[in-house]
Amino acid sequence: IGGSYEMPNAVYFASQAAVNSGAGLVKLAFPSFAYNAIAPKTCEQTLIPLESNKSGRISQNAIKRIEREIKKCSCVVLGCGMGVDNDTKAVTEFVIKNSEVPVILDADGINCLENNIDVLDEKKTPVILTPHPKEMSRIAGVSVDEVQNNRGAVVKSFTQAKKCVLVLKGASTLVGSNEYDDMYVNTTGNPGMAVGGSGDVLAGIIVSLL
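Model, not experiment: these values are computed from the prediction.

J.: Even after reading the chapter, I still don't get the environment of C73, so can you show me in this structure?
T.: Relative to the assigned elements, C73 resides in the loop between α3 (63-70) and β3 (76-78). Residues C73 and P102 lie 29 residues apart in sequence; the distance between their C-alpha atoms is 9.8 Å. When neighbours within four sequence positions are excluded, C73 is seen to be in contact with K27 and V101.

In structure tokens, the structure reads:
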């Protein structure tokens, strides 16, 4: 679930990564304003155009449709290229509170929680957040420098407080969970990953593995 008139391709990248990673059926839900940008690229995905608001983002009037579609799925990724406004914040809050299958929050799905982080306490199902350092700073309420200088401590503190899985992206990506004391460190990577869209692809890979 994601995309917008301004950033239609982010959610496409995520959906295509899920297809390429082996997901059997991928549903791609996006604002109808982005249909002409998304539809010509897709082959395997089932398209779910949603009601748009005046900014070309998903309208909260689409929540009932989103609810019906989630009930047919085994996991959800939310936020890639979605944009941040009152409508997308309402969609994000609804999905977190009501989804009965695991939810991955990426990009604007994370940004929509900047002033509403406690909604994670109302989740019914496991949630994975995949922030880059700037997004992490917004939801943790600290500066980017503080995040980067204390990456392990930030991950541990946040996962324990919000009972979630956190993938803190960047050089030496960290993966932590409230269920384990250990933390995974990904020491691989290359400069080619430092481009727009690589995070969306990661979200698609993770949702496929789920």
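J.: Help me understand the pattern of salt bridges in this model?
T.: In a structure, side chains of opposite charge can pair up when their charged atoms sit close to one another. All chains considered together, the criterion is met by eleven salt bridges. In this structure, the salt-bridge partner of K169 is D106, at a minimum N-O distance of 3.2 Å. Of this pair, K169 sits in the loop between β6 (165-168) and β7 (173-177) while D106 sits in the loop between β4 (103-105) and α5 (108-111); the two residues are 63 residues apart in sequence, bridging distant segments of the chain. Taken as a pair, K169 and D106 share a single burial class, namely buried. Residues participating in the shared-partner salt-bridge network are K27, R65, E69 and K72.

J.: Is there a simple way to think about the sheet that holds β4 in this case?
T.: Hydrogen bonds between backbone groups are what pair the strands of a sheet, and the pairing can be parallel or antiparallel. Spatial strand order, β3-β4-β5-β6-β7-β8: six strands in an open sheet with mixed pairing. Of all the strands in the sheet, just β3 and β8 (184-186) have a single pairing partner and so form its edges. Direction aside, neighbouring strands of the sheet carry axes that sit 15 degrees apart on average. Where β4 and strand β5 (residues 127-129) come together, three bridges link them in parallel fashion. Among the inter-strand pairings, I104 is bridged to a residue of β5, identified as I128.

J.: Explanation requested: the side chain of N111 in the structure shown.
T.: In this fold, N111 is placed in helix α5. Judged by its relative accessible area of 11%, N111 is buried. At 2.7 Å, the side chain of N111 forms a polar contact with the side chain of R138.

J.: Please explain the pairing of β7 as it appears in this structure.
T.: Within a regular beta strand, the side chains point alternately toward one face of the sheet and then the other, so they alternate between its two faces. Along β7, four of the five residues are buried, which leaves the element largely enclosed by surrounding structure. Sheet analysis places β6 next to β7, joined by four bridges and oriented antiparallel. Residue L166 lies in a different strand from β7, and its bridge partner there is G176. Here β6 hands over to β7 after four residues, with G170 in that stretch at a positive phi of 130 degrees. Here β7 runs beside β8; their pairing, made up of three bridges, is antiparallel. From the neighbouring strand, T173 faces β8, where its bridge partner is N186. Two successive antiparallel strands, β7 and β8, enclose a turn made up of six residues.

The rules behind the values
Residues numbered from 1 in each chain as written. Predicted model: local features only at pLDDT ≥ 70, side-chain atom pairs only at ≥ 80, totals over all residues. Heavy atoms only, no water. Helix = DSSP H or I, 4+ residues; strand = E, 2+ residues; numbered from the N terminus. Contact = heavy atoms within 4.5 Å. Salt bridge = Lys/Arg side-chain N within 4 Å of Asp/Glu carboxyl O. Buried < 20%, exposed > 50% of the residue type's maximum accessible area, 1.4 Å probe, protein only. Pairing = 2+ DSSP bridges. Axes fitted to C-alpha atoms, helices over the stretch in contact; angles between N-to-C directions. Polar contact = N/O pair within 3.5 Å; in protein donor to acceptor, adjacent residues only side chain to side chain.

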